[in-house]
Amino acid sequence: AIYQEPSGRMWVGTRDGRLFRYDNGNSRTFTRADGIAAGMITSIAGDRRGNIYVGAPDGLWRFTNGRFTRFSPGPVNINVIHVDREGHPWIGTNGKGLYKYIAGTRRRRAKFRRYGRREGLTNLDVLSINSDVAGKIWIGTRGGLFRLWSNEFRHYTRKNGLASDIITDLFS
């Protein structure tokens, strides 16, 4: 997994659970001893506040103010993380669908909102996530492509002209 912050700082996650941060020729290695995931790093993303989100088969971590904290919607295997234009992290899992993190306010607690079969996401193996300029969320799964807009899913498959129903990456 790899992520570049707007400042140019690079984050690289490895299969053996190490996370490297490169900044102007300086590097730092983070491991389990620093509070990061115990296994393979599967995804890295950042938001405009400078938070870094790190996904792994055993959950999600957030790097804020120089520290990692477990930041997960429960026991989930993270495949992908995407931060939308409003700063909301979206988490794609292996078998448990899609989650959106909604930050708390003075009147409301922070929460993860789950999207699964009941909401219209009929394949729960989320492999890729991206958003477009209109704010629509695009989700690649092992069962086709889904578009989330106004809390409604639209599903695209080979029947709609896709070359495959397995969507491993989305670019904008």
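Further up the page is the structure itself.
The rules behind each value
- Residues numbered from 1 in each chain as written.
- Predicted model: local features only at pLDDT ≥ 70, side-chain atom pairs only at ≥ 80, totals over all residues.
- Heavy atoms only, no water.
- Phe/Tyr/Trp six-rings, centres within 6.5 Å; stacked < 30°, edge-to-face > 60°.
- Lys NZ or Arg CZ within 6 Å of the ring centre and 35° of its normal.
- Core = buried A, V, L, I, M, F, W, Y, C linked by side-chain atoms within 4.5 Å.
- Buried < 20%, exposed > 50% of the residue type's maximum accessible area, 1.4 Å probe, protein only.
- Helix = DSSP H or I, 4+ residues; strand = E, 2+ residues; numbered from the N terminus.
- 1 Å grid on protein atoms, 1.4 Å probe; cavity = no way out; pocket = protein on both sides within 12 Å on 5 of 7 lines; lining within 4 Å.
- Points joined across faces, edges and corners; volume = space filled by probe spheres on them.
- Nonpolar A, V, L, I, M, F, W, Y, C, P; charged D, E, K, R; others polar.

J.: Honestly, the packing of aromatic side chains in this entry has me stumped. Any pointers?
T.: The geometry of an aromatic ring pair is captured by the separation of the ring centres together with the interplanar angle, meaning the angle of the planes. Taken as a whole and assessed by the stated rule, the structure comprises 14 aromatic pairs. Taking 6.3 Å as the distance between ring centres and 20° as the angle between the ring planes, the aromatic pair formed by Phe20 and Tyr22 counts as stacked. Among the aromatic residues, those joined into a ring-pair cluster are Trp11, Phe30, Phe63 and Phe68. Taking NZ or CZ as reference, Lys136 lies 5.2 Å from the ring centre of Trp149, over its face.

J.: I'm lost on the nonpolar core in this one. Help?
T.: Nonpolar side chains tend to gather and get buried jointly when the protein is soluble and globular. Core analysis: the largest hydrophobic core is formed by 14 residues, its most contacted members being Trp11, Leu19, Ile36, Ile44, Ile52, Val54 and Phe68. Listing elements by their share of this core, those giving two or more residues are strand S6 (52-56) and strand S7 (59-64). Counting residues per element, this core draws most heavily on S6, at three residues. Core analysis: the second largest hydrophobic core is formed by 12 residues, Leu98, Tyr115, Ile139 and Phe153 among them.

J.: Sorry, what's going on with the layout of surface pockets here?
T.: Unfilled space is identified by rolling a water-sized probe across the atoms. Its volume calculated, the largest pocket comes out at about 320 Å³. In terms of lining residues, the largest pocket is bounded by 17 residues, among which His82, Ile129, Asn130, Leu170 and Ser172 are the most central. Those elements giving two or more residues to the lining of the largest pocket turn out to be strand S9 (78-83) and strand S13 (126-131). When residues in the lining of the largest pocket are grouped by element, the largest group, five residues, is from S13. Taken together, the residues that form the lining of the largest pocket break down as seven nonpolar, six polar and four charged. Estimates place the volume of the second largest pocket at around 260 Å³. Lining the second largest pocket are 16 residues, with Trp90, Lys100, Gly135, Ile137 and Trp149 positioned closest to its centre. The class makeup of the residues in the lining of the second largest pocket is six nonpolar, four polar and six charged.

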